[in-house]
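# Results of the structural survey
These are the residues of each chain, in order.
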Amino acid sequence: MNIILFGPPGAGKGTQSDKIVKDFKLYKVSTGHLLREEIRNKTNLGSKIKPLIDKGLFVSDEVIDSLIEKILSNKKINNNLIFDGYPRNINQAKKLDFLINKYKQKILCVLNLDVDKNTIIKRIKGRQTCLKCGLIFNEYFNPPTDKNHPCGVNFLEKRSDDNDKTIINRYETYLNETKPILKFYNELNLLQHVNGTLKINEIYSEIRDIIASLET
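The rules behind these values
- Per-chain numbering applies: the sequence of each chain, read as written, is numbered from 1 onward.
- Where local features are concerned, this predicted model is filtered to residues with pLDDT of at least 70; where side-chain atom pairs are given and counted, the filter is 80 or more; whole-chain, interface and lining totals use all residues.
- Each side-chain value is worked out from all heavy atoms of the structure, with water and hydrogens disregarded.
- Here the term buried applies to any residue with accessible area under 20% of the maximum for its type, exposed to any over 50%, and partly exposed to those in between, with areas from a 1.4 Å probe on protein chains only.
- Secondary structure elements are taken from DSSP: a helix is a run of H or I of four residues or more, a strand is a run of E of two residues or more, and numbering for both begins at the N terminus.
- A pair of strands is treated as paired once DSSP finds two or more bridges between them.
- Here, the term nonpolar core denotes a set of buried Ala, Val, Leu, Ile, Met, Phe, Trp, Tyr and Cys residues that are joined through side-chain atoms within 4.5 Å.
- Whether two residues are in contact is decided by their heavy atoms, any of which lying within 4.5 Å being enough.
- By definition, pLDDT measures how confident the predictor is in each residue, and it falls between 0 and 100.
- Note on definitions: angles span 0 to 180 degrees between N-to-C directions of axes, and those axes are lines fitted to C-alpha atoms, for helices only across the stretch in contact.
- Should an angle lie under 35 degrees it is considered roughly parallel, over 145 roughly antiparallel, and from 65 to 115 roughly perpendicular; all remaining angles are considered oblique.
- Left-handed is the label given to a crossing in which the near helix is rotated counterclockwise from the far helix by less than a right angle, and right-handed is the label when the rotation is clockwise.
- Any residue that is not Ala, Val, Leu, Ile, Met, Phe, Trp, Tyr, Cys, Pro, Asp, Glu, Lys or Arg is counted as polar, Gly included; the first ten are nonpolar and the last four charged.
- One less than the number of residues in a helix, times 1.5 Å, gives the span that helix is expected to have.
- Here the arc refers to the directions that run from the helix axis out to each C-beta atom.
- Any N or O atom pair separated by 3.5 Å or less is treated as a polar contact, with the protein-specific requirement of one donor-capable and one acceptor-capable atom, and with residues adjacent in sequence counted only for side-chain atom pairs.
- Under the convention used here, Asp and Glu are negative, Lys and Arg are positive, and both His and the chain ends fall outside the count.
- Every case where a carboxyl oxygen of Asp or Glu lies within 4 Å of a side-chain nitrogen of Lys or Arg is listed as a salt bridge.
- Any Phe, Tyr or Trp ring, taking Trp's six-membered ring, that has another such ring centre within 6.5 Å forms a pair; planes under 30 degrees apart are called stacked, those over 60 apart edge-to-face, and the others tilted.

Attention now moves to the pairing of strand S1 (residues 2-6). Summarising burial for S1: 5 of the 5 residues are buried, a large majority. When S1 meets strand S4 (residues 107-114), the two strands line up parallel, connected through 5 bridges. Across the sheet, the residue bridging to phenylalanine 6 is asparagine 112, located in S4. Here 3 bridges tie S1 to strand S3 (residues 81-84), and the two strands are oriented parallel to one another.

With 30 residues, the main nonpolar core has Ile68, Leu72, Phe83, Leu96, Val110 and Tyr185 as its most contacted residues. In this structure valine 110 touches Ile4, Phe6, Tyr185, Leu190, Leu191 and Gln192, once residues within four positions along its chain are discounted. Residues Leu26, Ile82, Leu111 and Val194 belong to the second largest nonpolar core, which totals 21 residues.

What follows deals with the confidence of the model for the chain. When the pLDDT values of the chain are averaged, the result is 88; 99% of them are 70 or greater. Ranking the elements of the chain by mean pLDDT puts helix H7 (residues 164-178) last with 81 and strand S8 (residues 191-195) first with 96.

Moving on to the packing of helix H6 (residues 117-125) against H7. At a minimum axis distance of 10 Å, the contact between H6 and H7 shows a crossing angle of 135°. Our classification of the angle between H6 and H7 gives oblique. By crossing handedness, the relation of H6 to H7 is classed as right-handed. Each of Lys117, Ile120, Ile121, Ile124 and Lys125 in H6 lies in contact with H7, whose residues at this interface are Asp164, Ile167, Arg170, Tyr171 and Glu172. Its residues placed into classes, the contact of H6 with H7 shows 5 nonpolar, no polar and 5 charged.

Glancing now at H7. For H7, built from 15 residues, the straight-helix expectation of 21 Å at 1.5 Å per residue is met to within 8% by its first-to-last C-alpha distance of 20 Å. All buried positions along H7 are accounted for by Thr166, Ile167, Arg170, Tyr171, Thr173, Tyr174 and Thr178. Seen end-on, H7 carries its buried residues on one side only, within an arc spanning 160°. Across from the buried face of H7, at angles greater than 90 degrees, the exposed residues are Lys165 and Asn176.

With that out of the way, let us pick up the side chain of asparagine 138. In this structure, asparagine 138 sits in strand S6 (residues 136-138). Residue classification places asparagine 138 among the buried positions, given a relative accessible area of 7%. Polar side-chain contacts of asparagine 138 include one of 2.8 Å to the backbone nitrogen of tyrosine 140.

Tracing the chain through its elements places isoleucine 211 in helix H9 (residues 200-215). Given the relative accessible area of 0%, isoleucine 211 is considered buried. Spatially, the C-alpha atoms of isoleucine 211 and asparagine 163 are 34 Å apart, while their sequence positions differ by 48 residues. Every residue in contact with isoleucine 211, bar those within four places of it in the chain, is listed here: Met1, Ile3, Ile20, Phe24, Leu108 and Leu111.

Below, the discussion takes up the side chain of aspartate 84. Along the chain, aspartate 84 falls in strand S3. Salt bridges are absent for the buried aspartate 84, whose nearest opposite-charge side chain, lysine 28, sits at 4.3 Å. Only 3.4 Å separates the side chain of aspartate 84 from the side chain of serine 17, close enough to count as a polar contact. Those residues in contact with aspartate 84 that lie beyond four places of it in its chain are Leu5, Lys13, Gly14, Ser17, Lys28, Val29, Ser30 and Thr31.

With that out of the way, let us pick up the packing of aromatic side chains. Inspection of every chain in the model, using the stated rule, returns 4 aromatic pairs. Summarising the aromatic geometry, the rings of phenylalanine 6 and tyrosine 174 are spaced 6.3 Å apart at their centres and angled 50° between planes, so their arrangement reads as tilted. Of the two residues, phenylalanine 6 is situated in strand S1 and tyrosine 174 in helix H7; the sequence distance between them amounts to 168 residues. Comparing phenylalanine 6 with tyrosine 174, the two get one shared label, buried. Considering the side-chain rings of tyrosine 171 and tyrosine 174, the 6.2 Å spacing of their centres and the 45° angle between planes classify their relative orientation as tilted. In this pair, tyrosine 171 and tyrosine 174 both sit in helix H7, 3 residues apart, roughly one turn of the helix. The same class applies to tyrosine 171 and to tyrosine 174, which are both buried. Among the aromatic residues, ring-to-ring pairing joins Phe6, Tyr171 and Tyr174 into one connected group.

Here it is as structure tokens:
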């Protein structure tokens, strides 16, 4: 099965997708992670997209779509994906629909995390990512401990674009460019709403119930 996890920046997509990956044995496709890897590895693409990422802007659809097609064409992970952070606009949504059909796959559902703006800002400002294991924590809602993060604090990093100005910019960009694709997926009868303001485990319990009901 393929799943799309949807929601504004800071809605908790990364945290919830990690849980889904673990329970349902899926391969996570995070365009944000793929792009930051390009920046961290100082590739030609990374040097071009870094200024955009730092300002909270999106890179071109062509760049993103090419990364996604590479993933979908990999038969080892065929129909076993969760998309985190893609698609971001209606053109990408239509492109994904085309690629899904091209490679004879199927989307089980689109899970939309509903979260208000104030909660989003607090979540993003407290976000921490482990450079070693890739897990995501939050100093306010889900702080790293010896039990849930054996890698230690030395590997934790806050993203350079997690600041007030960029957060507001990214949220407004989401409202203008990304949120309208909910209508697209609703018309395809794929959209499922999830209360993203609950506690992490409560959110995941709701997600797990939705997936289980659709698998049967």
